[in-house]
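So you can see what is in the structure, the chains are spelled out below.
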Amino acid sequence: MIGILCALDREIELLLKETERPAVHRQLCGYDYVLGRLRGVDVVLCRCGVGKVNAAVCAQTMILTWPVRLIINSGVAGALREPLEIGDICVATDLVQYDVDTSAVGDPVGFVSTVNQTYFRCAEWAVDGILRAAQSIDGVRAYSARIASGDQFIDDQARKDRIVRLFDASACEMEGGAIAQVCFINGVDCAVIRAISDTTSGKHEMEYREFMPMAAATSARVVLKFLENL
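Okay, so let's go over this structure. (Residues numbered from 1 in each chain as written. Predicted model: local features only at pLDDT ≥ 70, side-chain atom pairs only at ≥ 80, totals over all residues. Heavy atoms only, no water.)

**Some details on the overall build of the protein chain**
Here's step 1: What the protein chain contains, in helices and strands, is six helices and ten strands.
Here's step 2: Each principal axis of the C-alpha atoms in the protein chain carries an extent, and together these give about 50 × 40 × 30 Å.
Here's step 3: For the protein chain, with 230 residues in total, the buried portion stands at 55%.
Here's step 4: When the accessible surface of the protein chain is totalled, it reaches about 9,900 Å², and 49% of it is carbon and sulfur. (Helix = DSSP H or I, 4+ residues; strand = E, 2+ residues; numbered from the N terminus. Buried < 20%, exposed > 50% of the residue type's maximum accessible area, 1.4 Å probe, protein only. Areas by Shrake-Rupley, 256 points an atom, 1.4 Å probe, with all protein chains shown as cover.)

**Comments concerning the pairing of strand E1 (residues 2–6)**
Here's step 1: Counting buried positions over the five residues of E1 gives five, a clear majority of the element.
Here's step 2: Looking at chain direction, E1 and strand E4 (residues 41–47) are connected through five bridges and run parallel. Looking at the pairing, Leu5 lines up with Cys46 of E4.
Here's step 3: Relative to strand E5 (residues 70–79), E1 is paired through four bridges, and the arrangement is parallel. (Pairing = 2+ DSSP bridges.)

**A look at the side chain of Thr19**
Here's step 1: Tracing the backbone through its elements, the reader meets Thr19 in the loop between helix H1 (9–18) and strand E2 (20–28).
Here's step 2: Filtering out sequence-adjacent residues up to four positions away, Thr19 remains in contact with Gly36, Arg37, Leu38 and Leu45. (Contact = heavy atoms within 4.5 Å.)

**Remarks on helix H5 (residues 176–186)**
Here's step 1: Buried residues dominate H5, accounting for eight of its eleven residues.
Here's step 2: Among all positions of H5, only Gly176, Gly177, Ala178, Ile179, Ala180, Gln181, Val182 and Cys183 are buried.
Here's step 3: The first or second residue beyond H5 is Gly187, which carries a positive phi of 70 degrees.

**Observations concerning the environment of Met174**
Here's step 1: Note that Met174 resides in the loop between strand E9 (171–173) and H5.
Here's step 2: Along the primary structure Met174 and Ala77 are separated by 97 residues, whereas in three dimensions their C-alpha atoms are 8.3 Å apart.
Here's step 3: Non-local contacts of Met174, meaning those with residues more than four positions away in its chain, are made with Val50, Gly51, Lys52, Gly150, Asp151, Gln152 and Phe153.

Below, the structure is given as structure tokens:
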């Protein structure tokens, strides 16, 4: 079974629409979970809401409740640097939480002391499969890169530049790093797919509002293609 987490309705709506025979709909800890089959694969899907705590709660609940071997986090992100442009797919090689900072006591910025990790790697087999799936869709450009997560919508170029300087990341969003940490401590494979909804040089909020629906649908299409290829 594969778990799929999305933060927003727009990010999950296509996946729910394509789910065959959604047999179980359970509410746990206030979140709705839908079980069914997508492209012949058993899945459990959840709209977790925005932010790292929401994402972590839902990821941990999935792992404790169902036999998931992989959790996919699908959605949108902002580009931190070129060549990522609106509509491109960024598949995370690994993730960092840029807003974790205990540097005052000597730790590197982003270091999660409970697990002694700064970067949380995604499953290579899933990264490779998702890249192949994305690259097989006409009009989609896909890249693998580090993604940075934090509980902020980053709309300031100076803050974006700082994340790039500290972590060498290419995109930023608000859930993936927490999901990757939960998967790490549970020994479950993780994959994070992000379609770019706003660029490094544009009006971030305006671009996000205009392009988010398209980007969310692109990310969902990549998930469907990946499952179809399994």
